[in-house]
Every structure is written in structure tokens, then in C-alpha cells.
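Below are the chains, spelled out letter by letter.
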Amino acid sequence: TLTPGFVLRGNGSETLLMRAAGPALEGYGIPGFLSDPRLALVQLGGSETAGNDDWSAGTAAETSAIVDAEAAAGAFPLVSGSKDAALVSTLPAIDGVQGWTVVTSATDPAASGIALAEVYEVRTGPVRLINVSTRGFCGTGNEVLIPGFVIVGGPKRLLLRAVGPGISAAPYNVPGTMKDPRLRVIPLGQSLTVAEDDNWGEGGETTTLEAEFTQAGAFALTPGSSDAALVVRLPPGGYTAVVSGADGGTGVVLVEVYDLDP
């Protein structure tokens, strides 16, 4: 399954729009889309707190809230009656941080396909979205894992990681991980790579990156591993973090984006 995650920091609550788009991808010329995705909102260390299958099949108030949130967040609108999934939820972050995952799966357990999982901040307040991540299978060609993110306001300093070997062993024990992920950061609408990494820490940067991991609250990586990590300062705009096998390999990868600004 495709498992995006996010972390909120602050003291209060934040309203988020979460979507799992499958049929909506047909309009963008993407073949092999997931025909009927479902999303489940799960608090880290807990159980499912909310879920959705067909986004416009709920009450009129629920559907209206999703439409309003799409407009506020600048998200493309979903077609009424489609099998795409979406929900709006106001989530707490009390005295620190709170983590969540948005598990994206097929309503039919036997089905598979390409899906787009999204998390949007609908309003700003005392709580900030400080980390987004996704774990999923990364193939080749159209099946590479391509997380995207958008920066608004001023420039941001970010830590990005593509972790394969780092989640294969205890305590994570994820099977079938990619042995050597490569990470590239590309602005939307462009082909130019503005930052990239293959094996983290090469070139004497291990100590510097380890300090950034600690600041971000990210779990440690084994020095000399084939995981990828980089720190970059980016201006406002949209970006994709394109992950692929440095050796042409495939497998499960965890891709993370951390906000390093205070």
C-alpha cells in the first residue's frame, strides 16, 4: 500500500485536506491508475480515526467541506461521483508534535494501480505541518515513486531523504526494500535537477547530516549506507522528489521531507 505520513507541531489544531486520487489521474494521461482507492487516517501508534472511499458519497455537508477545502488549498477539483477518496479533518498537536499516516489502498483487495496521495494545509495557525513522507513501491519508468511538495511564503530550508536499507532492518523490518535509492529534486514544470544525492554522507558530510537528522527529529541512518539524504534551501514553488534505483533496481522506499526552519 501507499502510506503517506505527516507530522504536526505546535499547540492547538490544524485543518487538513487529504485525498487519494485514482480515476482523477486519467485526465492527466496517466495509465494504469487505481480505479477505486480508499484512504484511512491513522494516528501513529494508534488505530484508524477517519476514512473515506468515494469522496462525494457522504453527506452534503461533508462533500461541501471537501469542495471548499480544495478551493482554499489550490487543489484541482475532483469530479462529483468519481471513485476518488477525500476527507477534511481538524487534527490536534498538543504540547509538541503529533504524527499521522494516510494509508492509501484499493477498495478491492485484489486490485492495484497508480494512485496520487495528497495532504494539504487548509488554514494557517499556531500548528505547523513540519514533515511529510510516503512509503511505497518504487519501480522503473512510470512506476517510480514521485512525492511532490509546495512551498508558499518565503524560502525554506529542508531535509530530504530516500531510505531503503535504513528501513530493512530492526526495528522497522520492512521487506523488499530498494537497495540503493537515488534522490533528485526537480522544480515543477522543469527538467533541471536542482539537488541530488545517491549515497548519503559521501564527501565528508556524515557528521553534518547527522546533526540535521537530530534537529529534524529524523531517525538515524547507518554511516556508509546506500540511503540518500540532502539539505537544500528552496524558494517558494512546487517541487518533485524523484526517487529511482541508482543501479536500476526496484523496491520499497520511504521518502521524507522535513522543514528545518524554526
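Up top is the structure these notes are about.
Since we're looking at a predicted model, the values are computed, not measured.

What counts, and where the lines are drawn
One numbering rule holds for all chains: residues counted from 1, following each sequence as written. In view of the model being predicted, local features appear only for residues whose pLDDT reaches at least 70, and side-chain atom pairs are presented and counted only at 80 or more, with totals across whole chains, interfaces and linings using the full set of residues. Values reported for side chains reflect all heavy atoms of the structure, with hydrogen atoms and water molecules removed beforehand. Each helix corresponds to a stretch of at least 4 residues labelled H or I by DSSP, and each strand to a stretch of at least 2 residues labelled E; elements are numbered beginning at the N terminus. For a compact globule the rule gives 2.2 Å times the number of residues to the power 0.38, and the radius of gyration it is set against comes from C-alpha atoms. We call two residues in contact when some of their heavy atoms are within 4.5 Å. Only four residue types enter the tally: Lys and Arg on the positive side, Asp and Glu on the negative side, with His and both chain ends excluded. A charged residue contributes its charge at one atom only: NZ of Lys, CZ of Arg, CG of Asp or CD of Glu. Criterion used throughout: strands pair if DSSP finds at least two bridges between them. Angles run from 0 to 180 degrees between N-to-C directions of axes, and those axes are lines fitted to C-alpha atoms, restricted for helices to the stretch in contact. Any Phe, Tyr or Trp ring, taking Trp's six-membered ring, that has another such ring centre within 6.5 Å forms a pair; planes under 30 degrees apart are called stacked, those over 60 apart edge-to-face, and the others tilted. Throughout this description, buried means an accessible area under 20% of the type-specific maximum (1.4 Å probe, protein chains only), exposed means over 50%, and partly exposed covers the range between. Note on geometry: a ring has a charge over it if NZ (lysine) or CZ (arginine) is within 6 Å of the ring centre and within 35 degrees of the ring normal. Any pair of nitrogen or oxygen atoms within 3.5 Å is treated as a polar contact; in protein, a donor-acceptor pairing is required on top of that, and neighbouring residues in sequence qualify only through side-chain atoms on both sides. Salt bridges are counted wherever a side-chain nitrogen of Lys or Arg sits within 4 Å of a carboxyl oxygen of Asp or Glu. Note on terminology: a nonpolar core comprises buried Ala, Val, Leu, Ile, Met, Phe, Trp, Tyr and Cys residues joined through side-chain atoms within 4.5 Å.

**Student:** Residues and numbers for the overall build of the protein, please.
**Tutor:** On a plain count of helices and strands, the protein comes out with two helices and 13 strands. Here the protein has a C-alpha radius of gyration of 18 Å; the compact-globule value for 262 residues is 18 Å, and the two agree. By principal-axis analysis of the C-alpha atoms, the protein measures approximately 55 × 40 × 35 Å. Taking as baseline every contact in the protein between residues at least 6 positions apart, the subset at least 24 positions apart corresponds to 79%. Averaging the coordinates of the 14 positive side-chain charges in the protein and doing the same for the 28 negative ones gives two points 4 Å apart.

**Student:** Tell me about the sheet that holds strand β9 (residues 181-187), residues and numbers included.
**Tutor:** Spatial strand order, β7-β12-β9-β10: four strands in an open sheet with antiparallel pairing. The open sheet terminates on both sides in strands that have one partner only, identified here as β7 (148-151) and β10 (195-197). With direction set aside, neighbouring strand axes in the sheet form an average angle of 15°.

**Student:** Break down the packing of aromatic side chains for me, citing the residues and quoting the values.
**Tutor:** Under the counting rule described, the total for this entry stands at four aromatic pairs. Measuring from ring centre to ring centre gives 5.3 Å for W200 and F213, while their planes differ by 50°; the resulting arrangement is tilted. Residue W200 is found in the loop between β10 and α2 (206-216), and its partner F213 is found in helix α2; the two are separated by 13 residues along the sequence. Assigned by exposure class, W200 and F213 land together as buried. It is R161 that lies over the ring of F219; its NZ or CZ is 4.6 Å from the centre.

**Student:** Go over the side chain of N52 with me, naming the residues and quoting the values.
**Tutor:** Mapped onto the fold, N52 is located in strand β3 (residues 48-52). For N52, a relative accessible area of 15% gives the class buried. Among the polar contacts listed, one links the side chain of N52 to the backbone nitrogen of W55, at a separation of 3.4 Å. A polar contact is formed between the side chain of N52 and the backbone nitrogen of A86, at a distance of 2.9 Å.

**Student:** Could you give an account of the pattern of salt bridges, with specific residues and numbers?
**Tutor:** A pair can form between side chains of opposite charge whenever their charged atoms are brought close. If you walk through the whole model with that rule in mind, you get 10 salt bridges. One salt bridge connects D259 with R128, and the closest N-O pair in it is separated by 2.5 Å. Taken together, the positions of D259 in strand β13 (residues 251-259) and R128 in strand β6 (residues 128-138) put the pair 131 residues apart, joining distant regions of the chain. A salt bridge links R161 to E256; the shortest N-O distance between them is 2.8 Å. In this pair, R161 is assigned in strand β8 (residues 156-163) and E256 in strand β13, connecting sequence segments 95 residues apart. Note on E256: relative accessible area 4%, which makes it buried. Ionic contacts of the salt-bridge type, sharing partners, join the residues R128, K156, D259 and D261 into one network.

**Student:** Residue-level account of the side chain of T240, with values.
**Tutor:** Here T240 is to be found in strand β12 (residues 237-245). Excluding anything up to four places from it in sequence, T240 contacts I146, P147, G148, R184, V185, I186 and L188.

**Student:** Please give an account of the nonpolar core that cites residues and values.
**Tutor:** F149, L160, L183, L234 and V253 are the most contacted members of the largest nonpolar core, which totals 23 residues. Counting residues per element, the ones that place at least two in this core are β7, β8, β9, β11 (228-234), β12 and β13. A per-element tally of this core places β11 first, with four residues. Excluding residues that lie within four positions of it along the chain, L234 makes contacts with F149, I151, P155, K156, L158, V185, V194 and Y239. Residues I167, L209, A218 and L221 belong to the second largest nonpolar core, which totals 16 residues.

**Student:** Describe the environment of V185, naming the residues involved and giving the relevant values.
**Tutor:** Along the chain, V185 turns up in strand β9. Separated by 38 residues in the primary sequence, V185 and P147 place their C-alpha atoms 9.9 Å from one another. In contact with V185, not counting residues within four places along its chain, are L160, L192, T193, V194, A195, L230, L234, Y239 and T240.

**Student:** Kindly report on the pairing of β13, identifying the contributing residues and their values.
**Tutor:** Along β13, nine of the nine residues are buried, which leaves the element largely enclosed by surrounding structure. Bridging between β6 and β13 involves eight bridges; their strand directions are antiparallel. Bridge pairing links F137 to V252 in β13. In this sheet, β13 lies alongside β8 in antiparallel orientation, the contact comprising six bridges. Across the sheet, the residue bridging to V163 is L254, located in β13.

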